[in-house]
Amino acid sequence: MKVYLNGKFVHHSKASVSVFDHGLLYGDGVFEGIRSYGGRVFKLEAHIDRLFESARTIMLRIPMSRAELIEVVKSCLRVNRLRDAYIRLVVTRGVGDLGLDPRRCARQTVFVIADKIQLYPRSLYERGLDIVTVATQRNVPEALNPQIKSLNYLNNILAKIEAINAGYEEALMLSPSGYVTECTGENLFLVKDGALVTPPPYIGVLRGITRQTVMDLGRRMGLDVREDLLTRHDCFNAEEVFLTGTAAEIVPVVTIDGRVIGRGRPGPVTRRLQEEFRALTRTEGL
Ligand code: PMP
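Residues numbered from 1 in each chain as written. Predicted model: local features only at pLDDT ≥ 70, side-chain atom pairs only at ≥ 80, totals over all residues. Heavy atoms only, no water.

## Digging into helix H3 (residues 66-79)
With 14 residues, H3 extends 20 Å from end C-alpha to end C-alpha; this agrees with the ideal 20 Å at 1.5 Å per step. If you check which residues of H3 are buried, you get Leu69, Ile70, Val72, Val73, Ser75, Cys76 and Leu77. With its phi angle positive at about 50°, Arg81 sits one or two positions after the end of H3. (Helix = DSSP H or I, 4+ residues; strand = E, 2+ residues; numbered from the N terminus. Expected span 1.5 Å × (residues − 1). Buried < 20%, exposed > 50% of the residue type's maximum accessible area, 1.4 Å probe, protein only.)

## What to know about the site of the ligand
The environment of the ligand is made up of 17 residues, and the closest members are Lys149, Tyr153, Glu182, Thr210 and Thr246. A distance of 2.5 Å separates an oxygen atom of the ligand from a polar atom in the side chain of Tyr153. Protein burial of the ligand: of its 390 Å² of free accessible surface, 94% is covered by the chains. Breaking the shell around the ligand down by element, the ones donating at least two residues are helix H6 (209-220) and strand E13 (240-245). For the shell around the ligand, the class distribution of residues is 3 nonpolar, 9 polar and 5 charged. (Near = heavy atom within 4 Å. Polar contact = N/O pair within 3.5 Å; in protein donor to acceptor, adjacent residues only side chain to side chain. Areas by Shrake-Rupley, 256 points an atom, 1.4 Å probe, with all protein chains shown as cover. Nonpolar A, V, L, I, M, F, W, Y, C, P; charged D, E, K, R; others polar.)

## Focus: the pattern of salt bridges
Inspection of the entire model under this criterion finds 17 salt bridges. For Asp49, the salt bridge is made with Arg66, and the minimal N-O distance between the two is 3.1 Å. In this pair, Asp49 sits in helix H2 (residues 44-57) while Arg66 sits in helix H3, placing the two residues 17 residues apart along the sequence. The shortest N-O distance in the salt bridge between Glu276 and Arg272 comes to 3.2 Å. On the criterion of helical spacing, the pair formed by Glu276 and Arg272 is a turn pair, its members being 4 residues apart in helix H8 (residues 268-283). Judged by its relative accessible area of 28%, Glu276 falls in the partly exposed class. Owing to a relative accessible area of 39%, Arg272 belongs among the partly exposed residues under this scheme. Among the charged side chains, a network of salt bridges with common partners joins Asp224, Arg226 and Asp228. (Salt bridge = Lys/Arg side-chain N within 4 Å of Asp/Glu carboxyl O.)

Given below as structure tokens:
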């Protein structure tokens, strides 16, 4: 496999970054996880825009234009002869000294990895997922805004560890006042009375690109799509709950903290959205 690293394509065994890179020392950097279907990159411009927004907030200059980044992502697929792939685009502050002062980092590190997509087991989509609320709260926007897709994912990893320790694969994270935010790498939706509801960004969730796509699809299907504060009670009593993310796409949730959601199997709205989403990935993309 060939990896793009600072202007060149190198064999993956040679694609390494310095131990002085602040991306490694401090998680000082931003990234995107992108997916291609049949050779077309899904929502590529939205991912590039989000990367530039994350970078602006942390005052990280991306040393390439949007068009150049798009070209590099496309080249990564071509060079590796990949059509269905998972693409990781990373920009770090670069090599500095052991202090955290970003001014010591002369040049940003940019790399892009395109790899075969690790598909989740079919059973996950057919049976649905059991999730559990964890004690680790989602980062608050006032401290570290979840809109910044940064290289520091410890908040999410701590939640994931809690879920695993409890015997679950995925964690539901709450805000400090107990509102539902998101899972460790996916946004959450519920369906009730013809409405499709997802928590608002200000409570502390990433504005997921799959989340936006599902909101658009929901509106086209005639659902009342809203962002609203949600409690665990709202989720327990929903007809359907599902998660969205680039890697996972749309995953039905069938129990939360031992409470069976709806009929305990993937519901009709979730299934319809999965179909519509699949159709979109076949026709859209750069
Ligand atoms: N929330 C978090 C914390 C994530 O890391 C991700 C994955 N990027 C998502 C939600 C889903 O976002 P997207 O649909 O853009 O992949």
